[in-house]
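Given next are the chains, with one letter for each unit.
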Amino acid sequence: MTYRTCLIVESDEPLIQSLVSTLAEEGIEALVAKGGREALDVFFSKTPSAVIIDVDSAGLDAGELIENLTTSSSDGMRSAAPLIIVLSEDKRGGKKLDDCTKGAVFSFIGKPVNVIKFKSVLRDAMNISLISKNGINKVPVFFLGDEHYDSSHILRDCSDLQMFFDTIPIGILYIGKDMTVLKVNGFIEKLTGKTKAELTAKRCYEVLGEKVDGQSKDKEPEVCSFCRKPHCLLTKSPSVVERLFGEKHLKVTIIPKLDADGEATHYLEVIEDITSLLETEQKIVLNSQMQSVVDLILQISLEPIALQEQLERILDFIFKIPKLALESKGCVFLADETSKKLRMKAQRGLSEPVLNLCNELPYNRCICGRVAQSREAIYAPDIDERHDITFESMQPHGHYCVPIISGQKLLGVLNLFIGHNHKRDTDEEEFLATVANTIANVIERKNAEEFLREQKEFLRSIVQSTQDAIITIDSNGVILFWNDGAEKTFGYKPGDVVGKTLDFVIPERFRHRHNDGIKRVITTGLSSVIGKTFELTAINIKGEEFPVELSLAMWKNYKETFFTGILRDISRRKSAQAELHKSVEKLRKVIGGIIQTIAMTVEVRDPYTAGHQRRVADLARAIATEMKLSEDTIDAIRMAGTIHDIGKIYVPAEILSRPGKLSDIEFDLIKMHPEVGFDILKTIEFPWPVARIVLEHHEKWDGSGYPLGIKGNEILLEARIICVADVIEAISFHRPYRPGLGIERAIAEIKKARGTLFDPDVVDAAVSLLTEGRFKFD
């Protein structure tokens, strides 16, 4: 939550945004005014804790504005705030600066604003603001920009000196000419851990320093270890020194107080703890160095060099960072997740024993193996129990070991040597984690490049080893790629054809179709042949035309369209197909002859049904054609229909030709003919299920047929068709026991039994054929 406010009087929008952001980082709410009049309104209505003012933007005389902002109210209590004044560099010595200094001015910052200095002065301004709220009638204006704090202003303008002394966040020592401490503030007490009584009357070097080594105890030192300047307190002008005090870094401003003769009578030492400031600066420098290394690593990853060389150069860059207290020794392991081992890929500065003993490490062995197992970084300041690998001449040392991880995948381990009892540094660890992540990117990139190279080589070997022609052309039909298979297929070498159009392998009568097809695809993006395989005619180097099979693909880059075709010479296939077609036709004739012979065998024994099987076969084939069944199915129906009653050779001829009504036993004997036919035909390897069709041709749609009693789609479609054709033919033509009843009667009977005895679809097809006159029995 923000408890403090600060008014910004500025017209430069980018600077306003920068200041607002900086204030927010310090937990300070920003109020903005772009001119002097507006600033006064905001100031007296909001009572900010501090004011940042650019006198160029004020619109009032600088002295007048500051006078208004620092005037006490009518009740005697101050309503003003300390000011931070930002001046342009070229106006430091001008009238506006003189106007401003007439007020209570503490320090100033010039443009462009140094953010670190600005924050430091800002904190002091806010602390002084807190003092003012506790009853001090007048608090100095802050004028930011000087290289040091003008502490004489502080002493001059603070009416309650002791309160100011004890609360201001800087140290103050008031020192006599003899180096005796006359007065200290609360900051010095906290810094030294001693009270004012313990510090007063001591020499200044006894408070924050000590005598120089080698000086006599009876003689005052001319140089103290704090200031390290000859006769430092004899100076007649302000001076600044910096030094360490324990773990803190102090900045000391020494300001002499001169008498009328210009001689120093007292000194004021202003102590600033700039530890965090220096740490910030060091961190900025380190971050800059680290970012440079990361940038260099990324640059290396783009270079066409081996991974080992890339990793070795990365190690060199890491060792060159001054802030990192590393020995110039280290290595990068790559992880093999299959064998659970680390293998050293790159190293710098490692001794022969280390190279031999650590070249390959199982997970969980020694420090690097433990990092691979846990995937967590390890800091080891010395050789401890985690060092499983040691040897006689091993020197004391420590390690930073960091896992190299990409996503959930362990890629390796970065191992860097540090000196014995090296002090652990979180900045170092954070940087090395960043480096490890960057190395992960390098390894992944190199692995990807290697994978692509292998894939490219793999595809190249396939493309070049295939006997098929693989050709790529651009949108103008110009050949870009021509493999060895294309050379074998057409007779042209790649060097003779790349860069030329494809016309020379296309017969002249087809070239316009080829070129028009390319233009159509480029213009519309549509093609009926892309992604499909089709046959066409090509021409070889001898001028001979031959059939090829083409599979065509289209692909694009960011600016152009390409076509890649795989062409196969199918001359042999065509010849083989022609021979096969002849063989099939010959086989069909042989099978047809056998079928006809079998059919004639039945008809010889049953002269009354002579021609019955042929007529059933013709009608069944016509029904199948009407139902748009395949040619193969139609052939099966024709063949099975021709011999569907083959089983009747088992039935005595006198029963088949008897004109009267049959007995139950005789009818049962006739009903056996489908099974007999099946037994006769089942051993013959027809290309169709002829035996099963014969077995089922008396089955009915509702299951009332014989011999199996199956129903619906359990019955072969071919058998259902022959069943309907058999009934139509039987009703229409003469039988020994009755005369023929004609087609009309047959149609009426099958329509009547549609959906009960017969398949509805088959009935519909048969009725359509017969009623429309598209089929007639011979």
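For the structure, see preceding data.
This write-up is about the structure you can find in this document. (Residues numbered from 1 in each chain as written. Predicted model: local features only at pLDDT ≥ 70, side-chain atom pairs only at ≥ 80, totals over all residues. Heavy atoms only, no water.)

**Observations concerning the overall build of the chain**
Consideration 1: Regarding its fold elements, the chain presents 28 helices and 21 strands.
Consideration 2: Taken over 778 residues, the chain has a buried fraction of 45%.
Consideration 3: Summarising the internal contacts of the chain: among those between residues at least 6 apart in sequence, 54% fall at separations of at least 24.
Consideration 4: Only carbon and sulfur atoms are counted for the fraction: they give 52% of the accessible area of the chain, which is about 39,900 Å². (Helix = DSSP H or I, 4+ residues; strand = E, 2+ residues; numbered from the N terminus. Buried < 20%, exposed > 50% of the residue type's maximum accessible area, 1.4 Å probe, protein only. Contact = heavy atoms within 4.5 Å. Areas by Shrake-Rupley, 256 points an atom, 1.4 Å probe, with all protein chains shown as cover.)

**Digging into the packing of aromatic side chains**
Consideration 1: With the rule as written, the count across this model stands at nine aromatic pairs.
Consideration 2: Ring plane angle 40° and centroid distance 5.3 Å describe the contact between Tyr 379 and Tyr 400, whose orientation is recorded as tilted. Here the residue Tyr 379 occupies a position in strand S14 (residues 378-380), and Tyr 400 occupies one in strand S15 (residues 398-406), the gap between them amounting to 21 residues. The same class applies to Tyr 379 and to Tyr 400, which are both buried.
Consideration 3: For the ring pair Trp 482 and Phe 490, a centre distance of 5.7 Å and an interplane angle of 45° mean the geometry is tilted.
Consideration 4: When its relative accessible area of 3% is taken as the criterion, Trp 482 is described as buried.
Consideration 5: Using a relative accessible area of 1% as the deciding quantity, one classes Phe 490 as buried.
Consideration 6: What links up through ring pairs into an aromatic cluster is the set Trp 482, Phe 490, Tyr 492, Phe 504 and Phe 546.
Consideration 7: The ring centre of Tyr 706 lies 5.1 Å from the NZ or CZ of Lys 671, which sits over that ring. (Phe/Tyr/Trp six-rings, centres within 6.5 Å; stacked < 30°, edge-to-face > 60°. Lys NZ or Arg CZ within 6 Å of the ring centre and 35° of its normal.)

**Overview of the pairing of strand S16 (residues 409-418)**
Consideration 1: Summarising burial for S16: nine of the ten residues are buried, a large majority.
Consideration 2: As judged from the six bridges shared by strand S11 (residues 326-336) and S16, these two strands associate in the antiparallel manner. Bridged to Val 332 within S16 is Leu 414.
Consideration 3: With nine bridges connecting them, S15 and S16 associate as antiparallel partners. Residue pairing for S16: His 399 is matched across the bridge by Phe 417.
Consideration 4: Connecting S15 to the antiparallel partner S16 that follows it, the hairpin turn spans two residues, and Gly 407 within it adopts a positive phi of roughly 65°. (Pairing = 2+ DSSP bridges.)

**Things to note about unusual backbone geometry**
Consideration 1: Omega for the peptide link from Tyr 706 to Pro 707 comes to 5°, which places this bond in the cis form.
Consideration 2: Along the chain, the position of Pro 707 falls in the loop between helix H25 (690-696) and helix H26 (717-732).
Consideration 3: The phi angle at Lys 340 is positive, at roughly 55°, despite the residue not being glycine.
Consideration 4: Topologically, Lys 340 is positioned in the loop between S11 and strand S12 (341-348).
Consideration 5: Of the residues examined, Lys 340 reaches a relative accessible area of 42% and is grouped as partly exposed.
Consideration 6: Of note, Asn 364 is a non-glycine position whose phi angle comes to about 75°, a positive value.

**What about the pattern of salt bridges?**
Consideration 1: Tallied over the full model, the rule gives 32 salt bridges.
Consideration 2: We note a salt bridge from Asp 645 to Lys 648, for which the minimum N-O separation is 3.5 Å. By the burial criterion, Asp 645 is buried, and Lys 648 matches it.
Consideration 3: Through salt bridges that share partners, Asp 336, Lys 341, Arg 343 and Glu 360 make up one connected network. (Salt bridge = Lys/Arg side-chain N within 4 Å of Asp/Glu carboxyl O.)

**Looking at the sheet that holds S14**
Consideration 1: Read from one edge to the other, the open sheet built from six strands follows the order S13-S12-S11-S16-S15-S14, with strand pairing classed as antiparallel. The outermost strands of the open sheet, each flanked by one partner alone, are strand S13 (360-362) and S14. With strand direction ignored, the average angle separating the axes of adjacent strands in the sheet is 25°.
Consideration 2: One ladder, built from seven bridges, connects S11 with S12; its direction is antiparallel. Opposite Ala 335, over in S12, you have Leu 342 as the bridge partner.
Consideration 3: Against the sheet, helix H12 (residues 307-319) makes contact with S11, S12 and S16, and its axis sits at roughly 60° relative to S12, the strand it touches most.
Consideration 4: With respect to the sheet, helix H14 (residues 366-374) is in contact with S11, S12, S13, S14, S15 and S16, its orientation differing from that of S15 by roughly 30°. (Axes fitted to C-alpha atoms, helices over the stretch in contact; angles between N-to-C directions.)

**Details of a nonpolar patch on the surface**
Consideration 1: Nonpolar side chains collect at one region of the surface, where Ile 649, Tyr 650, Met 672 and Ile 680 lie side by side and expose about 320 Å² of accessible area between them.
Consideration 2: Residue position: Ile 649 is located in the loop between helix H21 (631-642) and helix H22 (653-656). (Patch = residues over 30% accessible without salt bridge, like charges linked within 9 Å, V, L, I, M, F, W, Y side chains within 5 Å.)

**Considering helix H24 (residues 673-681)**
Consideration 1: Among all positions in H24, only His 673, Pro 674, Val 676, Gly 677 and Leu 681 are buried. Looking straight down H24, one finds that the buried residues subtend no more than 160° of arc, so they occupy a single side.
Consideration 2: Close packing links the buried residues of H24 with helix H23 (664-670) and H25. (Arc of directions from axis to C-beta.)

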